[in-house]
Amino acid sequence: MEVSMPCSHVELNIEERKLLARLLHHKTRVVEIARALSRHRSTIYREIKRNWWHDTDVPQADGYWPVTAQDLARGRRSRNRKLARHGALRDAVVDRLKAGWSPEQIAGRLKAEPGSGYRLCHETIYRYVYSEDGRSQDLTRYLPERRRKRQPRHARKPRSLVFPESSAIRHRPAVVASREEFGHWEADLMIFRREHGPANVATVIERKTRFTVLFRNNDRRSKPIMARLIALMSPLPQPARRSLTFDRGLEFVSWRELEFGLGAKAWFCDPQAPWQKGSVENMNRRVRRYLPSDTVILAMPDHEVTSLCDRLNATPRKCLGFRTPAEAFRDELLDQARVSH
């Protein structure tokens, strides 16, 4: 019976590669080599495949040679090898950084330029900028967001800190879930095809009356979105803006600004449970009839978004006794005004 070896993410060292070469020379089975090196057999298969030397001039020299394998592995681990090897490419990248281009823009432009002989990932540029060579040229000063040290790629704050347990939807009062009380809203973003840019449309809907507000954003940064929400909702009386329910998308991480600016409580769906804000999800499906995913939002005039919003709010709804959301919302505002007086 084959013995399962523990998986390891550590590269083979030169001594292991020498032993591997000797065992291969004696035609030892890969499973036995893995056992001798205390490695998983997949590691051995991958090592042989990636570091096998192919000599087109002298076919007899083909084989697994430990020193050559070590050099090949070291070359792959060289994080900035492309920019280190190609001086012209390096100079072009540095010139564009100094001109104010972001690494993503530089990489994208290289792909788009006809006849360009280079392909470069923006991560490669970032790694070069933060490398010893890049720091010696003080290249970090030209990045859109300069940092003394590169943050880990895809690093995120723990969601439990951004969206605390006390704001989980399970703690939302029953009067909100039952739609008995006016002034509780749900919000979401409608995303469109990436090739048309980061522009999106925010959907905000009042749970009781189904009154809907749509507005366009040019990107998905949280602070501008929250600032726009505050500007749109602050003219409403306080009873008309009691709370908002969001999902846990990163575009809503600045929710505390909303609570401070509007005095409205923020609630958050459970992870991977957007159906818990069903009103706005249903409204998004309605809006998609007019704004499919291939819509170029940046090219859409603001008055068209306003016109679409007016059309939705002027459509009778069965759940409202075939009143329109605009009528139901107006009636609620009048009731609140009478109560306050």
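Residues numbered from 1 in each chain as written. Predicted model: local features only at pLDDT ≥ 70, side-chain atom pairs only at ≥ 80, totals over all residues. Heavy atoms only, no water.

### Some words on the pairing of strand β3 (residues 212-217)
Operational definition: Burial classes follow relative accessibility: with a 1.4 Å probe on protein chains only, a residue under 20% of its type's maximum area counts as buried, one over 50% as exposed, and anything between as partly exposed. Comment: elements are numbered from the N terminus, with helices defined as DSSP H or I runs of at least four residues and strands as E runs of at least two. Note on pairing: two strands pair once DSSP finds at least 2 bridges between them.
Burial analysis of β3 places five of its six residues in the buried class, the great majority of the element. Here strand β2 (residues 200-206) pairs with β3 via six bridges, running antiparallel. Residue pairing in the sheet places T203 in a bridge with L214 of β3. Joining the antiparallel neighbours β2 and β3 is a turn of five residues, in which R210 adopts a positive phi near 65°.

### Quick look at the pattern of salt bridges
How we decide: The term salt bridge refers to a side-chain nitrogen of Lys or Arg lying within 4 Å of a carboxyl oxygen of Asp or Glu.
This model, assessed by the stated rule, comprises 21 salt bridges. The salt bridge partner of E181 is R242, with a shortest N-O separation of 3.8 Å. Taken together, the positions of E181 in the loop between α11 (174-177) and β1 (184-191) and R242 in the loop between α12 (222-233) and β4 (243-246) put the pair 61 residues apart, joining distant regions of the chain. Since its relative accessible area comes to 27%, E181 is described here as partly exposed.

### Some thoughts on the packing of aromatic side chains
Definition in use: Stacked, tilted and edge-to-face pairs are distinguished by plane angle, under 30 degrees for stacked and over 60 for edge-to-face with tilted covering the rest, among Phe, Tyr and Trp rings (Trp via its six-membered ring) whose centres lie within 6.5 Å. Whether a charge lies above a ring is judged from NZ of Lys or CZ of Arg, which has to be within 6 Å of the ring centre and within 35 degrees of the ring normal.
The tally for this structure, following the rule as stated, stands at seven aromatic pairs. On the basis of an interplanar angle of 65° and a centroid distance of 5.4 Å, the ring pair of F182 and F329 is categorised as edge-to-face. Placement of F182 in the loop between α11 and β1 and of F329 in helix α16 (residues 325-340) is noted, with a sequence separation of 147 residues between them. Like F329, F182 is buried. By way of ring pairs, the aromatic residues F163, F246, F252, W255 and F268 are connected into one cluster. The lysine or arginine in question, K265, covers the ring of W267, its NZ or CZ lying 5.0 Å from the ring centre. R288 extends its terminal NZ or CZ atom over the ring of F192, reaching a point 4.7 Å from the ring centre.

### Topic: the sheet that holds β3
This is how it is decided: An axis is simply a line fitted to the C-alpha atoms; with a helix, the fit covers only the stretch in contact. Between two such axes, the angle follows the N-to-C directions and lies from 0 to 180 degrees. Note on contacts: a residue pair qualifies if any of its non-hydrogen atoms lie within 4.5 Å across the two residues.
Spatially, β3-β2-β1-β4-β5 is the arrangement adopted by the five strands of the open sheet, whose pairing is mixed. The sheet is open, and its two borders are formed by β3 and β5 (265-268), each paired with just one other strand. Neighbour-to-neighbour, the strand axes of the sheet open up by a mean angle of 25°, direction not taken into account. Sheet topology places β4 next to β5; four bridges connect them, and they run parallel. Bridged to S243 within β5 is K265. Of the strands in this sheet, β4 and β5 touch helix α13 (residues 255-262), which is tilted by about 150° from β5.

### Some points on helix α14 (residues 278-288)
For α14, the full list of buried residues reads S279, V280, E281, M283, N284 and V287. Structurally, α14 contributes buried residues whose contacts are with β1, β2, β3 and α15 (302-313).

### Notes on the confidence of the model for the chain
Close inspection of predicted coordinates is inappropriate for parts of the model with low pLDDT. For the record, the criterion: The pLDDT score gives, residue by residue, the confidence of the prediction method on a 0 to 100 scale.
Of the residues in the chain, 89% have a pLDDT of 70 or more, and the chain-wide mean is 85. Model confidence for the chain, summarised as mean pLDDT per element, is weakest for helix α10 (residues 159-162) at 58 and strongest for β2 at 95. Across residues 1-8, where pLDDT falls below 50, the model places 14 contacts with residues more than four positions away in sequence or in other chains.

### Remarks on unusual backbone geometry
In this model, S38 sits at a positive phi of 55°, which is unusual for a non-glycine residue. Of note, S38 is situated in the loop between α2 (30-37) and α3 (41-51). The class of S38 is partly exposed, set by a relative accessible area of 47%. The phi torsion at F322 lies on the positive side, around 65°, for a residue other than glycine. Structurally, the position occupied by F322 is in the loop between α15 and α16.

### Describing the packing of α2 against α3
Pairs of packed helices are described in terms of their axes, by the angle between the two and the distance that separates them. The following threshold applies: Oblique is the label for any angle not covered by the other classes, which are roughly parallel (under 35 degrees), roughly antiparallel (over 145) and roughly perpendicular (65 to 115). When residue character is reported, Ala, Val, Leu, Ile, Met, Phe, Trp, Tyr, Cys and Pro are called nonpolar, Asp, Glu, Lys and Arg charged, and the others, Gly included, polar.
In the contact formed by α2 and α3, the axes pass within 8 Å of each other and the chain directions differ by 110°. Put simply, α2 runs roughly perpendicular to α3. Between α2 and α3, the residues in contact are V30, V31, I33, A34 and L37 and R41, I44, Y45 and I48, respectively. Here the residues of the contact of α2 with α3 sort into eight nonpolar, no polar and one charged.

### Focus on the nonpolar core
Rules: Residues grouped as a nonpolar core are buried Ala, Val, Leu, Ile, Met, Phe, Trp, Tyr and Cys residues, joined through side-chain atoms within 4.5 Å.
Ranked by internal contacts, the top residues of the largest apolar core, which has 27 residues, are W185, V204, L229, L244, F246 and L258. Where this core is concerned, the elements lending two or more residues are β1, β2, α12, β4, α13 and β5. Per element, the largest residue contribution to this core is five residues, and it comes from α12. Listed in part, the 16 residues of the second largest apolar core include V201, V287, L291 and L312.

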